[in-house]
Each structure stands twice: as structure tokens, then as C-alpha cells.
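So you can see what is in the structure, the chains are spelled out below.
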Amino acid sequence: TRFSDFFKTVSGYRISVEKEAKDADILVKLDKDLPNEAYRLDIKRNKIEIRTSSLGGAVYAFETLKQLFPPVVMSGKVQENVKWRVPAVSINDFPGYGWRGYMLDASRHFFTVEQVKKVLDFMAELKLNRFHWHLTDDQGWRVEIKSLPNLTEYGAWRVGYINTDERKSEWWGRPVQKKDELAKYGGYYSQDQIREIVRYAKERNIEVIPEVDFPGHAQAAVASYPEIGCVDKQEYVATGGVARNNTMNPGKKETYDFVRKVIVELTELFPYEYIHIGGDECNKDQWKKDPFVAKLMKTESLEDMDAVQSYFLKEVEKIVNSHGKKMMGWDEILDGGLAPNATVMSWRGTVGGMKSVKMGHDVVMSPNSACYLDLKQGQDSQEPNLGYGHLFLSDSYNYKLVPDTLNSEEAKRILGIQANMWTESITDWGKLTYMTFPRLHAIAEKGWTNEKRQSWDGFVNRLRTHMKRMDVSRIRYAKSAFNPRFKHEGN
Ligand code: NAG
């Protein structure tokens, strides 16, 4: 229905599905022979015909159709007084990879339900189908877990110095006056809101994958339930980048009870295959002096801290699997020995991903050298002071997802690609879209288009049209990312 409404608003089209379709302008037919997410789009003088075997195929046929109209439509907004014309073409289209993801970190900064829906809208427009929701970190716990109420009563809020000027000002180009103010910041998603998001995503062919970060990046959790940490006193939800006591204690029974409760409720909320358990950047120093960890090492004959982490994550995997889900984690989950059924998300470059493939595990590639949207897209002089390093559009576009060193069996274990939006410096919606585009266009193309048909020149041409679309819709994006006079290395 969302597409019928959309096309009706702009042009009075009649859309029909199957039988009563004869006199419709846009006709959607079920064609069981087409693979999942594939579609055929035939545009004739007085009729548009779509064939597909799946909801996903239908969604993408309509997204393509929207993009064939002049660059006046994006995110449901339409410009008035434009000739509403589409070329007569025949398109046979299907994706290269099943996992085409976008990750939103909702912990470092909180984004409302309405904003999350807008993320899902632009994902659908770029034919992305996996929304990875980073729901917990040191700076805030954002998912309601009914059996663990402290997580959202306490763990969702931080009190600290927040730079209010930066929050309000036009942030690019101008120097920001620093004036700090003590404030409470936070928010969380209720279970009803999560169900609403999952439903909204489903209509757009998007699966939602929750991430809760274990055993590191967990200061908000440890602050809410000190008994799962390596501290006896009350800890605070982190305000800045450097967390203190942010590591769960794998030597305590309470920790496993905690994990179990979280997983049970996530399983009820998110109907899909995977639960992402984080696993990245665990600070193991606290474990070295913890008596519970020492005891665990003795009883389980664990040699070092990597072995402790691996033991813990294998236990987590058992819990996840026993609830009918698969476990996914960042590539640190390889350290000390990978859990037997785990899928790896490779972020520290591609090494962890390639190693996992060779070991027979599935992987999603999300290397920071190609997919990290929190890095600057242009030179420092052209960019606002967001991001701590650089990742140019051409770096994303030139990334080769499947290296020649893999044989065809191994290549199949690469499920796809994902862009990650970490939000330490992303305080609002304008910054989010600015850092996301146009790199997300490049990453989306990596996931969808056959590598042989990818070309930088072709991409840049098509991007020009998308940029017009974003201009019309007043979506902020980095123009510096694509400047034809400015050659990035590797262009
Ligand atoms: C890493 C952290 C993440 C952080 C990001 C910034 C992963 C898997 N972990 O340090 O918490 O926000 O990079 O680029 O990326």
C-alpha cells in the first residue's frame, strides 16, 4: 500500500496486484521462477508491469521506478510542476549479495523512532536489507528489557558536560564556540516501539538485527547491575569516549543470568536469524586482577585472557543457539578461539573476515577501510570537524569484496557488505545524513551490482542524479566527497 499511495499522490496512477489487474496502470505479478529479491520491470507506453517472486522484489521494482522518474523524488517528497515522465525500458534486476547492511549506533547518540524510520526509508531506496541496530554501549543502554528494569531506568541516561552550542549551531564551516553545560542525555526504545520498527522495516524488505555489546563496551550495563562487572561499587554511564569499568565479569554466575534474560527478550522482539553480541575491543585489564576470573581460569584450565573471552563467548553462543538464533560478532571473537557456529563481522580491515572464511565460517564484510561512515569524506579543509580519520568515496567504491585468493566455495561464505554509522560525534540528523551520503551509495552498489558491471565513471554519473534528488529533498550530504577536479588516490 505504501507505493500505491505514493504513486497516487504524484500522478493518480491505479496500481493492481494480480487478478483484477486488467485496467491498472501499474501491474504487479507473482512470478515464482524469479529468485528471491529479483524483479522484472517492463515499462510500456500505457502500462507498467512488475514481476517478482517476493515482497523484496516488489519493493525494489518500485524503488527503481521512482528513480527512473526525473530527480525530484526521494524519501517520499515530490516536487510540484515537474513533467512526470519515465522512459520505456525493460529491466531484469537482482542482487549480488543477500546481506546489504547499514548499522546505526543509537547508544553514543540517541535517535528517535521517527528518525530510525527515516533510516529505513533511505535504506530501502538504496536496496539495503539488513538494519544492524547497535543498541548498547558504554554511553547508554537503549533497549527495554522488562526483566532487567535498571537498564533503561538508569543505564539509558548519562549526566555530563554536553556542548550545547555545538548541538544547536550550523556546524560545518564555522568555528564552534565551546561552552559546556551539565545536562542529562539519553533515551531508549520501548518494546512496543521496537515492534513498530521491526514491522516498518519488514514492509521495506529489511530485517532488523539487534546488537547488544558483550563483554566489553558495557559500562551502561555494569552501571545498572554492578554485580555483573568487576567492581563492587556503583559505576556511572559513560559520558565521553574513554570508559572506565566497562567489562562484564565472565567469572560470575550473575553475568550468565543477565545474558540469558537479555537474549530471551531479544529473541521475542526480533524475529530473524541473527543476534549480534558485539565482542569488540574488550578491555581485559580488569579481569587480570579479578578473583572470580582467576577461579574460572583454574576450573576451566584457561591459559590467558583471550581464552577467558573465548570461553565466555562460547557460553553466550550456547544461549543464543538454544533460543533458535545464530550468533554474530565483531572479528575480535576470533581471539582465543572462535565459537563453533558463529558468523563474523569483519571491521578491523579484512583479515579477520578472510581468516574466518578459511575456517569455514560465514562473514559479513564491514572493514573500516571501506565501510566506516564516521570517517571524513573529504580533505580536512573541506570538511566539518567530525570523524577522526579519512575514508574517501573512492575508497569505498574501489573496495573489492571478494578477493581473488578465495575459491568459489569460500567466496560463498561472504554473505555481503555493511556500512557502519558510529555516532560519537553524530549528535543530530543533519550530521548523520551528511556522513552517510554519498558513501552509502557506493557501498550499496557493492552489495547489489555484479562486480563486472561496476565502474567508477558509471557510478559518478548516476551519483550526479542522486545528488540532485538529495538537493531537492534537502538532505545534507558531503559534496566534498565527489569533486571531479579533486583526484583521490586510487580514482
Ligand atoms: C571502534 C569500535 C566502535 C567505535 C568505532 C569508531 C567497532 C566494532 N568498535 O573503535 O565502538 O565507535 O570503532 O570508528 O567498530
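So, how was this worked out
- Residues numbered from 1 in each chain as written.
- Predicted model: local features only at pLDDT ≥ 70, side-chain atom pairs only at ≥ 80, totals over all residues.
- Heavy atoms only, no water.
- Helix = DSSP H or I, 4+ residues; strand = E, 2+ residues; numbered from the N terminus.
- Buried < 20%, exposed > 50% of the residue type's maximum accessible area, 1.4 Å probe, protein only.
- Contact = heavy atoms within 4.5 Å.
- Areas by Shrake-Rupley, 256 points an atom, 1.4 Å probe, with all protein chains shown as cover.
- Pairing = 2+ DSSP bridges.
- Axes fitted to C-alpha atoms, helices over the stretch in contact; angles between N-to-C directions.
- Salt bridge = Lys/Arg side-chain N within 4 Å of Asp/Glu carboxyl O.
- Near = heavy atom within 4 Å.
- Polar contact = N/O pair within 3.5 Å; in protein donor to acceptor, adjacent residues only side chain to side chain.
- Nonpolar A, V, L, I, M, F, W, Y, C, P; charged D, E, K, R; others polar.
- Core = buried A, V, L, I, M, F, W, Y, C linked by side-chain atoms within 4.5 Å.

A. A look at the overall build of the protein chain. Along the backbone of the protein chain there are 17 helices and 19 strands. For the protein chain, the proportion of its 491 residues judged to be buried stands at 59%. Contacts in the protein chain between residues at least 24 apart in sequence constitute 67% of all its contacts with a sequence separation of at least 6. As displayed, the protein chain offers around 21,700 Å² of accessible surface, 49% of which is attributable to carbon and sulfur atoms.

B. Quick look at the sheet that holds strand β15 (residues 274-278). The eight strands are arranged β8-β9-β14-β15-β16-β17-β18-β19 in a closed barrel whose pairing can be described as parallel. The sheet shows a mean angle of 30 degrees between the axes of neighbouring strands, taken without regard to direction. In the sheet, β15 pairs with strand β16 (residues 326-330) via three bridges, with the strands oriented parallel. By the bridge assignment for β16, H276 is matched with M328. Along the sheet, helix α11 (residues 305-322) makes contact with β14 (207-214), β15 and β16, crossing β16 at roughly 145 degrees.

C. Just the environment of N92, in detail. Among the secondary structure elements, N92 is positioned in strand β7 (residues 90-93). Sequence separation between N92 and L34 is 58 residues, and the spatial gap between their C-alpha atoms is 10.0 Å. Leave out the neighbours within four places in its chain, and N92 touches Y39 and R40.

D. Summary view of the pattern of salt bridges. The tally for this structure, following the rule as stated, stands at 31 salt bridges. A salt bridge links D192 to R195; the nearest nitrogen and oxygen atoms lie 3.2 Å apart. With D192 and R195 both in helix α6 (residues 191-203), this residue pair falls three residues apart, about one helical turn. For D192, a relative accessible area of 55% gives the class exposed. A residue is classified by how much of its surface remains accessible, and R195, at 35% relative accessible area, is partly exposed.

E. View of the site of the ligand. Taken together, R108, H217, D280, E281, W330, W347, Y372, D374, Y388, W422 and E424 make up all the residues around the ligand. Between the ligand and R108 there is a distance of 2.9 Å, counted from an oxygen atom to a side-chain nitrogen or oxygen. Contacts to the ligand include E424, whose side-chain N or O atom sits 2.6 Å from an oxygen atom. Looking at side-chain class alone, the shell around the ligand contains five nonpolar, one polar and five charged residues.

F. The environment of A419, seen in detail. Along the chain, A419 falls in strand β19 (residues 414-421). On the accessibility criterion, A419 (0% relative accessible area) is buried. When the C-alpha positions of A419 and I443 are compared, they lie 6.8 Å apart, and in sequence the two are 24 residues distant. Ignoring sequence-local partners within four residues, the contact set of A419 consists of G101, Y102, M103, C371, L373, L440 and I443.

G. Quick peek at the nonpolar core. Judged by nonpolar contacts, the single largest core of 117 residues is most densely connected at Y102, W133, F214 and F258. Among the elements that take part in this core, α11 stands out by supplying nine residues, more than any other. Within the second largest apolar cluster, 15 residues are counted, among which are V28, I43, I48 and F62.

No statement about biological role is implied by the geometric values presented.
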